[in-house]
Amino acid sequence: MNEKTITRAQLTEAVYQEVGLSRNESADLLESVLDMIADTLAKDETVKISSFGSFSVRSKGQRIGRNPKTGEEVPILPRKVLVFRPSQVLKARINED
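Attention here is on the structure that accompanies the text. Quick caveat, the model's predicted, so the values are computed rather than measured. What you see as residue numbers is a count from 1 along each chain, following the sequence as written. The predicted nature of this model means local features are confined to residues of pLDDT at least 70 and side-chain atom pairs, given and counted, to a pLDDT of 80 or more, with totals for whole chains, interfaces and linings taken over all residues. The basis for every side-chain value is the complete set of heavy atoms in the structure, and neither hydrogens nor water enter the calculation.

## With respect to the packing of aromatic side chains
Next up, step 1: Each pair of aromatic rings taken from Phe, Tyr and Trp, with Trp reduced to its six-membered ring, is defined by centres within 6.5 Å and is described as stacked if the planes are under 30 degrees apart, edge-to-face if over 60, and tilted in the remaining cases. Under the definition given, this model contains two aromatic pairs.
Next up, step 2: Ring centres of F52 and F84 lie 5.4 Å apart, and the angle between their planes is 50 degrees; this geometry places the pair in the tilted category. Note that F52 is positioned in the loop between strand 1 (47-49) and strand 2 (53-60) and F84 in strand 5 (residues 79-86), a separation of 32 residues in sequence.
Next up, step 3: Summarising the aromatic geometry, the rings of F55 and F84 are spaced 4.8 Å apart at their centres and angled 45 degrees between planes, so their arrangement reads as tilted. In this pair, F55 sits in strand 2 while F84 sits in strand 5, placing the two residues 29 residues apart along the sequence.
Next up, step 4: An aromatic cluster is defined as three or more aromatic residues linked by ring pairs; in this entry it consists of F52, F55 and F84.
Next up, step 5: When the NZ atom of lysine or the CZ atom of arginine is within 6 Å of a ring's centre and also within 35 degrees of its normal, the charge is said to sit over that ring. When the ring centre of Y16 is taken as reference, the NZ or CZ atom of R23 above it lies at 4.1 Å. Put simply, DSSP marks the helices as runs of H or I at least four residues long and the strands as runs of E at least two long, and each gets a number from the N terminus on.

Put into structure tokens, the structure is as follows:
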């Protein structure tokens, strides 16, 4: 499998190339979009991006885990996790031959 990570700099460059804003304006635009997404998720609200998918925050309750080396039971504290659900359009695009 070919693993490649896309960085903020690459996204900024893509915005610069496609939209025609300056590089600084493209970076500011990207940062404001990412900040808006993060702020919305921090408020436990859902972010839906058409033809891409939705991001939401789910609360997981406390549970008992086990240390694999010792077998000792350890409590896992309640926490929130980020969940991404891809859209049908994205799923179809990924599964194209």
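## Side note on a nonpolar patch on the surface
Next up, step 1: Each patch is assembled from residues with relative accessible area greater than 30% and no salt bridge, linking like charges that lie within 9 Å and nonpolar side chains (Val, Leu, Ile, Met, Phe, Trp, Tyr) that lie within 5 Å. All accessible-area figures derive from a Shrake-Rupley calculation using a 1.4 Å probe, and residue coverage is judged against the displayed protein chains alone. Salt-bridge detection follows one rule: a side-chain nitrogen of Lys or Arg within 4 Å of a carboxyl oxygen of Asp or Glu. A cluster of nonpolar side chains, contributed by I49, F52 and F84, occupies part of the molecular surface with about 230 Å² of accessible area.
Next up, step 2: Tracing the chain through its elements places I49 in strand 1.

## Topic: the sheet that holds strand 5
Next up, step 1: Strand pairing is assigned whenever DSSP detects at least two bridges linking the two strands. With antiparallel pairing, the three strands of this open sheet are ordered in space as 1-2-5. Because the sheet does not close on itself, it has two edges, and the strands there are strand 1 and strand 5. Ignoring strand direction, the axes of neighbouring strands in this sheet form an average angle of 25 degrees.
Next up, step 2: Sheet topology note: the strand 1/strand 2 ladder contains three bridges and is antiparallel. Bridging from a neighbouring strand, K48 pairs with S54 of strand 2. Axes here mean lines fitted to C-alpha atoms, for a helix over just the part in contact, with angles spanning 0 to 180 degrees between N-to-C directions.

## Brief notes about the pairing of strand 4 (residues 73-76)
Next up, step 1: Across four bridges, strand 3 (residues 63-66) lies against strand 4 in antiparallel orientation. In the strand pairing of strand 4, G65 is matched with V74.
Next up, step 2: Taken together, strand 3 and the strand that follows it, strand 4, pair antiparallel across an intervening segment of six residues, in which G71 is found at a positive phi of about 80 degrees.

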